[in-house]
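Commentary on secondary and tertiary structure
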Amino acid sequence: MTFPPSPLAIEAACLSAWPAIAVVHDGAWLWRYAQGYTKRSNCFQSLDPTDEQDAGRRITRLSALSARHGIAPVFRVTPLAGEKVVAALDAAGWQSFDESLVLAMDLAAASLEPRGDVRSFPPADPRWFRAEAALSQYQAATVETLKTLIGLIASEAKGFVAYGREGQPAAAALAVVAGDIGVYLNVVADRARRRQGYGEAVMHAALKWTRDRGARFAAIQVFADNEPAIRLYEKLGFLHQYGYHYRRPA
């Protein structure tokens, strides 16, 4: 695999890194359910632009499946969604929301020196788990779903926490090695201590760990309007690869 990885390679890595509780396959379409926690694990999408036949009927059927499981019907539109699929969503009046970007970098060329007090933990370790939940201000139900999803990650994964001078968590991230690609999730920093280098420190550690574990490339997803995060990732060496967005019924 050469840089940059294909959209399919990146999507496959991200799907492997962040699992769902239940999955349904419909040809090259994928429906996922995770009790409503994160859109990427509670939506459906196509992984092959040529698999676009009967798009309207399939959207209706998978929407009903979402409703039956108590989650909103959501379609994730990536470059792997065929033109007829997008046309069917348009015809049904599905609205776009949460424009996002996929960024990637070649880890071989990255300079990843340790920065600050950053410690690594197994994802199920309470020291990482509690730091992530506190920094993200999760409610109890969300915390329980997060525990479930972390337990389903099959690839090698590691949680990272950057600590402030007073010894309290200031930033956290989850890194997963999915084949040749390192994927970074749940990146969060203390709102009161942003722009103090903690996010950069935790990402340096996560990137270095995935490279040491054999990943050749790195990939991350970020909201298109999250300018501080995009600036951080570009500073680290990430480059824009493609965009995606979600669709929901009007």
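In what follows, the accompanying structure is described. (Residues numbered from 1 in each chain as written. Predicted model: local features only at pLDDT ≥ 70, side-chain atom pairs only at ≥ 80, totals over all residues. Heavy atoms only, no water.)

Secondary-structure assignment places Q35 in the loop between strand 2 (29-33) and strand 3 (44-46). Residue classification places Q35 among the partly exposed positions, given a relative accessible area of 48%. With 133 residues separating them in the primary sequence, Q35 and Q168 have C-alpha atoms 30 Å apart. Contacts of Q35, omitting those with residues within four sequence positions, involve I21, N42 and T145. A polar atom in the side chain of Q35 sits 3.0 Å from the side chain of T145. (Helix = DSSP H or I, 4+ residues; strand = E, 2+ residues; numbered from the N terminus. Buried < 20%, exposed > 50% of the residue type's maximum accessible area, 1.4 Å probe, protein only. Contact = heavy atoms within 4.5 Å. Polar contact = N/O pair within 3.5 Å; in protein donor to acceptor, adjacent residues only side chain to side chain.)

A word on the packing of helix 2 (residues 55-68) against helix 3 (residues 83-91). At their nearest, the axes of helix 2 and helix 3 sit 9 Å apart, and the two run at 60° to each other. Between helix 2 and helix 3 lies a crossing of right-handed hand. Here helix 2 contributes A55, G56 and I59 to the contact with helix 3, which in turn contributes K84, V85, A88 and L89. Across the contact of helix 2 with helix 3, the residue classes break down as five nonpolar, one polar and one charged. (Axes fitted to C-alpha atoms, helices over the stretch in contact; angles between N-to-C directions. Left-handed = near helix turned anticlockwise from the far one by under 90°. Nonpolar A, V, L, I, M, F, W, Y, C, P; charged D, E, K, R; others polar.)

Quick look at the pairing of strand 7 (residues 156-163) now. For strand 7, the buried fraction is high: six of the eight residues fall into the buried class. Relative to strand 7, strand 6 (residues 117-121) runs antiparallel, the two sharing five bridges. Counterpart to D117 in the pairing with strand 7 is Y163. Relative to strand 8 (residues 169-178), strand 7 runs antiparallel, the two sharing eight bridges. (Pairing = 2+ DSSP bridges.)

Two quantities define a packed helix pair, namely the angle between the axes and the distance from one axis to the other. Where helix 6 (residues 198-212) meets helix 7 (residues 227-236), the axes come as close as 11 Å, and the angle between the chain directions of the two elements is 45°. On the basis of their axis angle, the class for helix 6 and helix 7 is oblique. Where helix 6 crosses over helix 7, the handedness of that crossing is right-handed. Note on element contacts: helix 7 touches helix 6 through L232, Y233, K235 and L236, opposite G199, E200, M203, H204 and L207. In terms of residue class, the contact of helix 6 with helix 7 is made up of five nonpolar, two polar and two charged. (Parallel < 35°, antiparallel > 145°, perpendicular 65-115°, else oblique.)

For the rest of this paragraph, the subject is a positive patch on the surface. A cluster of like positive charges, contributed by R191, R194, R195 and R231, occupies part of the molecular surface. Examined against the element boundaries, R195 turns out to sit in the loop between strand 9 (181-189) and helix 6. A relative accessible area of 76% places R195 in the exposed class. (Patch = residues over 30% accessible without salt bridge, like charges linked within 9 Å, V, L, I, M, F, W, Y side chains within 5 Å. Areas by Shrake-Rupley, 256 points an atom, 1.4 Å probe, with all protein chains shown as cover. Salt bridge = Lys/Arg side-chain N within 4 Å of Asp/Glu carboxyl O. Lys, Arg positive; Asp, Glu negative; His and termini not counted. Charge placed at Lys NZ, Arg CZ, Asp CG, Glu CD.)

Let's shift gears to the environment of Q45. Structurally, Q45 is set in strand 3. As for Q45 and T78, which are separated by 33 residues in sequence, their C-alpha atoms are 7.9 Å apart. Once residues within four sequence positions are removed from consideration, Q45 is found in contact with E11, L15, A28, W29, L30, F75, R76 and T78. In this structure the side chain of Q45 is engaged in a polar contact, spanning 3.2 Å, whose partner is the side chain of E11.

Taken as a whole, this structure holds 15 salt bridges when the rule is applied. The partner of R58 in a salt bridge is D51, and the shortest N-O contact between them spans 2.8 Å. Just as R58 is buried, D51 falls in that class too. Notably, a salt bridge pairs D54 with R57, separated by 3.2 Å at the nearest N-O pair. Under the relative-accessibility criterion, D54 is labelled partly exposed at 46%.

Attention shifts here to the packing of aromatic side chains. With the rule as written, the count across this model stands at 13 aromatic pairs. Both rings, one in F44 and one in F75, keep their centres 5.4 Å apart while their planes meet at 85°; by these two values the pair is edge-to-face. Residue F44 is located in strand 3, and its partner F75 is located in strand 4 (residues 75-77); the two are separated by 31 residues in the primary sequence. Here F44 falls in the buried class, since its relative accessible area comes to 0%. A relative accessible area of 0% means that F75 is categorised as buried. Seen in terms of ring centroids, Y244 and Y246 are 5.8 Å apart; in terms of plane orientation they differ by 80°. Their pairing is edge-to-face. Both residues of the pair, Y244 and Y246, count as buried. The ring centre of W29 lies 4.2 Å from the NZ or CZ of R58, which sits over that ring. (Phe/Tyr/Trp six-rings, centres within 6.5 Å; stacked < 30°, edge-to-face > 60°. Lys NZ or Arg CZ within 6 Å of the ring centre and 35° of its normal.)

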